[in-house]
Amino acid sequence: MKNLGKIILLTLGLSLFSTSLMSFTNASAATVNNGAPKELKGTWITKVKKLSKTLRVKDSLYQRSIWYVGKNSTDESGLFYQTKTKPASMFNAESSGANKGLTYTKSGNTYYLNSKGDDNYFHYKAKLLNNRKIKLYFSSDKNVKKWHYNGEYYKQSTKLIHFTTNTKIKD
């Protein structure tokens, strides 16, 4: 009888331990959400960067990178400038093309966004530094093996902005 009581207590203890362990494991697993996180929706832009000779478009010397986060997709483009002086005259804007099926997970203050466009994969890692500044990383691997650092981006708007030569850019 004593042995039966010990076995029951041991079984009950193991059962409680395994249940709490499974609850902890499930709570720590990242939840995949459809669409874009509210904190990242809108238009993000870098400061003006000098381009290397191999990255120049036409006779551009400088560039600002733009990252758009819509409800269900992301997009990137570049503003190319001939001079760095203010106001710089934008002469070309190029887009990488929108992608679809945006999902994200969150870990602390870092968001992982995933989508696909045609046969291309778009994976972004956005580390939120504050409500106006992020560090952005990119990977086009099907399964991310290495992140490419895109730089620091600053929030321009909670809306998607179409940039023209007359657009006022916040610095």
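Residues numbered from 1 in each chain as written. Predicted model: local features only at pLDDT ≥ 70, side-chain atom pairs only at ≥ 80, totals over all residues. Heavy atoms only, no water.

**Student:** Would you mind showing me how to read the overall build of the protein here?
**Tutor:** Of the regular secondary structure elements, the protein holds 1 helix and 11 strands. A buried classification covers 35% of the 171 residues belonging to the protein. In the protein, the share of contacts with a sequence separation of at least 24, taken over all contacts with a separation of at least 6, comes to 42%. Of the accessible surface of the protein, which amounts to about 11400 Å², a share of 55% is contributed by carbon and sulfur atoms. (Helix = DSSP H or I, 4+ residues; strand = E, 2+ residues; numbered from the N terminus. Buried < 20%, exposed > 50% of the residue type's maximum accessible area, 1.4 Å probe, protein only. Contact = heavy atoms within 4.5 Å. Areas by Shrake-Rupley, 256 points an atom, 1.4 Å probe, with all protein chains shown as cover.)

**Student:** Help me understand unusual backbone geometry, please; the structure alone is not making it clear to me.
**Tutor:** Both trends apply: most residues other than glycine have a negative phi, and most peptide bonds are in trans. If you check the backbone angles, Asp118 has positive phi at about 55° while not being a glycine. Positionally, Asp118 belongs in the loop between β8 (110-117) and β9 (120-130). Given a relative accessible area of 74%, Asp118 falls into the exposed group.

**Student:** Even after reading the chapter, I still don't get the pairing of β9, so can you show me in this structure?
**Tutor:** Two faces belong to every sheet, and in a regular strand the side chains alternate between them. One ladder, built from 8 bridges, connects β8 with β9; its direction is antiparallel. Each bridged residue has a counterpart across the sheet, and for Lys116 the counterpart in β9 is Tyr121. Bridging between β9 and strand β10 (residues 133-139) involves 7 bridges; their strand directions are antiparallel. Bridging from a neighbouring strand, Lys127 pairs with Lys135 of β10. Connecting β9 to the antiparallel partner β10 that follows it, the hairpin turn spans 2 residues. (Pairing = 2+ DSSP bridges.)

**Student:** In this structure, what is going on with the packing of aromatic side chains? I would like to understand it.
**Tutor:** Two aromatic rings, taken as a pair, are described by how far apart their centres are and by the angle between their planes. Considering all chains together, one arrives at 6 aromatic pairs under this definition. Plain terms: the ring middles of Phe122 and Phe138 are 6.3 Å apart, the flat faces sit at 55° to each other, and that makes the pair tilted. With Phe122 in strand β9 and Phe138 in strand β10, the pair connects residues that are 16 residues apart, well separated along the chain. For Phe122, a relative accessible area of 10% corresponds to the buried category. (Phe/Tyr/Trp six-rings, centres within 6.5 Å; stacked < 30°, edge-to-face > 60°.)

**Student:** So what exactly am I meant to see when it comes to the nonpolar core here?
**Tutor:** Across soluble globular proteins, you tend to see nonpolar side chains buried next to one another. Judged by nonpolar contacts, the single largest core of 17 residues is most densely connected at Leu40, Trp44, Trp67, Leu113 and Ile134. Each residue touching Leu113, except ones within four places of it in the same chain, is listed here: Pro37, Leu40, Trp67, Val69, Thr74, Leu102, Thr103, Tyr104, Phe122, His123 and Tyr124. Judged by nonpolar contacts, the second largest core, of 8 residues, contains Ile45, Val48, Tyr62 and Phe163. (Core = buried A, V, L, I, M, F, W, Y, C linked by side-chain atoms within 4.5 Å.)

**Student:** Help me understand the confidence of the model for the protein in this model?
**Tutor:** Atomic detail in the predicted coordinates should be set aside for any region of low pLDDT. For the protein, per-residue confidence averages 79 on the pLDDT scale, and 73% of positions sit at 70 or higher. Mean pLDDT values over the elements of the protein span from 45, in helix α1 (residues 2-28), up to 97, in β10. (pLDDT = per-residue confidence, 0-100.)

**Student:** I tried to follow the pattern of salt bridges on my own but got confused; where do I start?
**Tutor:** When the charged atoms of two side chains lie near each other, side chains of opposite charge can form a pair. Counted according to the given criterion, the structure contains 1 salt bridge. A salt bridge links Lys133 to Glu152, with the shortest nitrogen-to-oxygen separation between them at 3.4 Å. Residue Lys133 is found in strand β10, and its partner Glu152 is found in strand β11 (residues 148-157); the two are separated by 19 residues along the sequence. Classification of Lys133 as partly exposed rests on a relative accessible area of 24%. (Salt bridge = Lys/Arg side-chain N within 4 Å of Asp/Glu carboxyl O.)

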